[in-house]
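Descriptive structure summary
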Amino acid sequence: MLEIRDLNVHYDMIHAIKGVSLEVHQGEIVTLIGANGAGKTTTLRTIAGLKKPTSGAITLKGEEITAASPRHRVQMGQALVPEGRHVFPGMTVLENLELGAYLRRDKAGIAADIEMVCGYFPILKDRRKQLAGTLSGGEQQMLAMARALMSRPEILLLDEPSMGLSPLLVSEIFAIIKTINGAGTTILLVEQNAGMALSIASRAYVMETGSIVLSGTGAELMESDEIRKAYLGG
Amino acid sequence: MDVFLQQLVNGISLGSIYALVALGYTMVYGIIKLINFAHCDIYMIGAYIGYFCMTFLGLGFLPSLLVAMLGCMVLGVLIEKIAYKPLRNAARISLLITAIGMSLFLEYGTMFFVTAKLRTYPALEGLMAKSFTVGGVMITMQQVVIVLTTVVLMLGLQYIVKYTRAGKAMRAVSMDKDAAELMGIDVNNTISVTFAIGSALAGAAGVLVGVYYNTINPLMGAVPGLKAFVAAVFGGIGLIPGAMVGGYVIGIIEVLVMGAGYSTYRDAVVFAILILILILKPAGLLGKNVGEKV
Ligand SMILES: Nc1ncnc2c1ncn2[C@@H]1O[C@H](COP(=O)(O)OP(=O)(O)OP(=O)(O)O)[C@@H](O)[C@H]1O
Ligand SMILES: [Mg+2]
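Below is a short write-up of the structure.

Rules used in this analysis
Residues numbered from 1 in each chain as written. Chains lettered and ligands numbered in written order. Predicted model: local features only at pLDDT ≥ 70, side-chain atom pairs only at ≥ 80, totals over all residues. Heavy atoms only, no water. Donors = N, O, S within 2.8 Å, 3.2 Å for Na, K, Ca; no water. Helix = DSSP H or I, 4+ residues; strand = E, 2+ residues; numbered from the N terminus. Salt bridge = Lys/Arg side-chain N within 4 Å of Asp/Glu carboxyl O. Buried < 20%, exposed > 50% of the residue type's maximum accessible area, 1.4 Å probe, protein only. Contact = heavy atoms within 4.5 Å. Buried area = accessible area lost by both parts, 1.4 Å probe. Polar contact = N/O pair within 3.5 Å; in protein donor to acceptor, adjacent residues only side chain to side chain. Nonpolar A, V, L, I, M, F, W, Y, C, P; charged D, E, K, R; others polar. Phe/Tyr/Trp six-rings, centres within 6.5 Å; stacked < 30°, edge-to-face > 60°. Near = heavy atom within 4 Å. Areas by Shrake-Rupley, 256 points an atom, 1.4 Å probe, with all protein chains shown as cover. Pairing = 2+ DSSP bridges. Axes fitted to C-alpha atoms, helices over the stretch in contact; angles between N-to-C directions.

**A short note on the coordination of the magnesium ion (ligand 2)**
For the magnesium ion (ligand 2), every protein donor is listed as A:T41 (OG1) and A:E83 (OE), and the spread of their distances is 1.8 to 2.2 Å. Of this pair, A:T41 sits in helix α1 (residues 40-48) while A:E83 sits in the loop between β6 (78-81) and α3 (93-100), and the two are 42 residues apart along the sequence.

**Notes on the pattern of salt bridges**
All names here are of chain B. Tallied over the full model, the rule gives 16 salt bridges over all chains. Of the charged contacts, one joins R88 and E80 as a salt bridge, the two residues approaching to 2.7 Å between their closest N and O atoms. For E80, a relative accessible area of 0% puts it in the buried group. We note a salt bridge from D267 to K227, for which the minimum N-O separation is 2.6 Å. Residue D267 is located in helix α11 (residues 266-280), and its partner K227 is located in helix α9 (residues 222-235); the two are separated by 40 residues in the primary sequence. When its relative accessible area of 28% is taken as the criterion, D267 is described as partly exposed.

**Here we look at the interface of chain B and chain A**
The extent of an interface is frequently quoted as the accessible surface area lost upon association of the parts. At the junction of the two partners, chain B supplies 16 residues and chain A supplies 22 residues. Taken as a group, B:R165, B:L182 and B:M183 account for 40% of the area that chain B buries against chain A, more than any other trio of residues on that side. Where chain B meets chain A, there are 3 salt bridges. A:E98 serves as the salt-bridge partner of B:K168, at 3.5 Å between the closest nitrogen and oxygen. Applying the counting criterion to the chain B and chain A interface returns 5 residue pairs in polar contact (both at pLDDT 80 or more). The set of elements that each furnish at least two residues to the side of chain B that touches chain A consists of α6 (165-175) and α7 (177-182) of chain B. Broken down by element, the side of chain B that touches chain A gets its largest block of residues, 6 residues, from α6(B). Taken together, the residues of the side of chain B that touches chain A sort by class into 8 nonpolar, 1 polar and 7 charged.

**Here we look at the packing of aromatic side chains**
Residue and element names in this part refer to chain B. For the structure on display, the rule yields 12 aromatic pairs over all chains. A ring pair is formed by Y51 and F56, whose centres lie 6.3 Å apart and whose planes are at 90°; its orientation type is edge-to-face. Here Y51 falls in the buried class, since its relative accessible area comes to 7%. Plain terms: the ring middles of Y262 and Y265 are 6.4 Å apart, the flat faces sit at 50° to each other, and that makes the pair tilted. Each residue in the set Y48, Y51, F52, F56 and Y121 is aromatic and connected to the rest through ring pairs, giving one cluster.

**Some thoughts on the site of ligand 1**
Residue and element names in this part refer to chain A. By nearness alone, 14 residues border ligand 1, and K40, T41, T42, E83 and Q192 come closest of all. G37 is positioned with one of its backbone polar atoms (N or O) 2.8 Å from an oxygen atom of ligand 1. One nitrogen or oxygen atom from the side chain of E160 is found 3.1 Å from an oxygen atom belonging to ligand 1. When ligand 1 sits alone it has 630 Å² of accessible area, and the protein chains cover 62% of it.

**Side note on the sheet that holds strand β5 (residues 63-64) of chain A**
All names here are of chain A. The strand order β2-β1-β4-β5 describes an open sheet built from 4 strands, whose pairing is antiparallel. The open sheet has two free edges, formed respectively by β2 (14-24) and β5, since each of these has just one partner strand. Of the strands in this sheet, β1 (2-11), β2 and β4 (55-60) are in contact with α1, which crosses β1 at around 115°.

**Details of the pairing of strand β3 (residues 137-140) of chain B**
For strand β2 (residues 131-134) of chain B and β3(B), the ladder comprises 4 bridges, and the chain directions are antiparallel. Residue pairing across strands places B:T133 opposite B:M138, the latter belonging to β3(B).

Taken by themselves, the reported measurements are silent on function.
This is the structure we're talking about:
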C-alpha cells in the first residue's frame, strides 16, 4: 500500500530523517513509535507531502508520489490526522467535516459519510453547529479523525491521537482505530503511548534520532527487553 | 438633527468606499499575513479604468464598473503571482518591502502612461444626476448608487465566502494552511482567488469614488488607502465583517469631523483612532485579543 525507501529529510542544517525505509501493507495497522524528537512527525508530514524530502522515494499503491502535491495524495486515498489536531477553529464541526470531503462531489455520499463518522463519534453530532475551536481536546481529536475519514481514505496516517487525552478517552480512540481498520482502512499510527500502540498493531517500527532501530510484529516488540525498558516502563 | 442626518448619509457613502477597499486589505492579510500596500493603487487603477470606459468608450456606469472590476481582478492576481509568490517562504519584512515597491511602481507607472494631471469623470446624466429630499435630508442618486452597489457586492462576498467551495477554501487557508493542504485544497489557487476578489472590490470602489468626487489622479489611492487600512485594523484585521463595520465607522467619523468644522483635522482624527485602537484593543473591534500565532 505505502512504501518508503531511504528517506532523508532536512530542516536547514538539521538532518531529521536519516535513511528511513518502511512499508505498510493493505489492511494492516502499523505503528511507528519513538521518543520525543525522534522524527515521527517529520516522517508523516513528508508522507503527506507537507515537507519535501532531500532524497528517497515514497510509493503509494504502486505509484511514486515523492514529488506529488498533498492534494494528489488525498485524491489517491491517503489522509493524515496531524499532530495537535489542526481543526479549523473558526468553523463549525459540520463545516470541518464538509472540508474533509473537499475533493468529493457526491453530495449524497458526503451526507451519508457524515452520518457514518458521527456513528463513530456520537458527540460530534450533538456539537455539529458548535465552533471547532470551542471543543475540548478530546472532541477536537475526534473531529480531526472524523474529518480525515470524510475523504474516504484507503490509508489513514495518525500522528499521536492519544496526546493529552484522559486514559478513558485513549482507550476509546484506540477502539475506534481498530473499528476503522476493521472496516477496511489501512493505518499507519505514530504514538508515544507505545503499550497501547503495540497492542493493536500488526507490525511496528521503532525510531530513534531519525533512524529506524527496530522493527517486528507488535507482539514481538512487546516482548523485547529493549522496548520494555525504553518505552513500556520496565 | 437634520444636519446630523445629512452628515450620516454622506458618511455612509464615504464609508462604503472605505469598506470596499478595507475588505481587500483584510482578506489578503487573512490569507498571507501581508499588508498589501499596493492595494490602494489597484483602487486608483480601477478609477482610471472606469474613467476610460466612460469617457472614451462611452460606456454607462454599470458596464464601466464591471470592466474596472475585471481589470483590477487580473491586475491583483498578476501582482501576487509576479511579486509576492516568489517570496512565499521569505522573511515577512521582504514581502512588506516588495509591497511598498509595488505600490510606488503602480503609482509612477500609471503617471508615466496617463500623466499626473487630474482627470474628471464625465458628468452624470438622466436618472444618475437626480437627487431627492427625505425629511429635510438631501440624498443624491450617486449616494444611492454607491450604497446600493456596496451592499450588493458585500452580500455577494458573504455568499462566496460562506457557501461556495472557493470561499470555504479561503477561510480554511486563512485559519490553517497546513490543515487546508491536508484537505486537498490548492493553496496557491486559493491565494489567487483571494487577490482576485479583493482587487475587484477595490476596482469597484475606484469607480464609485470617481463618480462621487469626480476628479482622479495617480496618487489618489494613498490617503484613502491608509484610511481603509485603518478601517480594517479598527474592525479587526483578517475579519471580513470587521472591515465592513470599520469602513462605515471611519467614513462616518470623518464626515462628522468635517461637519463640525474641523476639516483640517479629518485625517489626523482617523489616524488618532488607529493609535487608540492599537493601544486599547489591538485585535480590533470584532477581534479576540490573542497573541499572534506563528
Ligand atoms: N519546523 C522545524 N524546524 C526545524 N527543526 C524541526 C522542525 N520540526 C522538527 N524539527 C526537528 O526535527 C527533529 C524531529 O522532529 P519531529 O517533530 O519529527 O519528532 P517527533 O518524533 O514527532 O517528536 P514528538 O514525539 O515530540 O512529536 C527534531 O530534532 C526537531 O527538533
Ligand atoms: Mg511528533
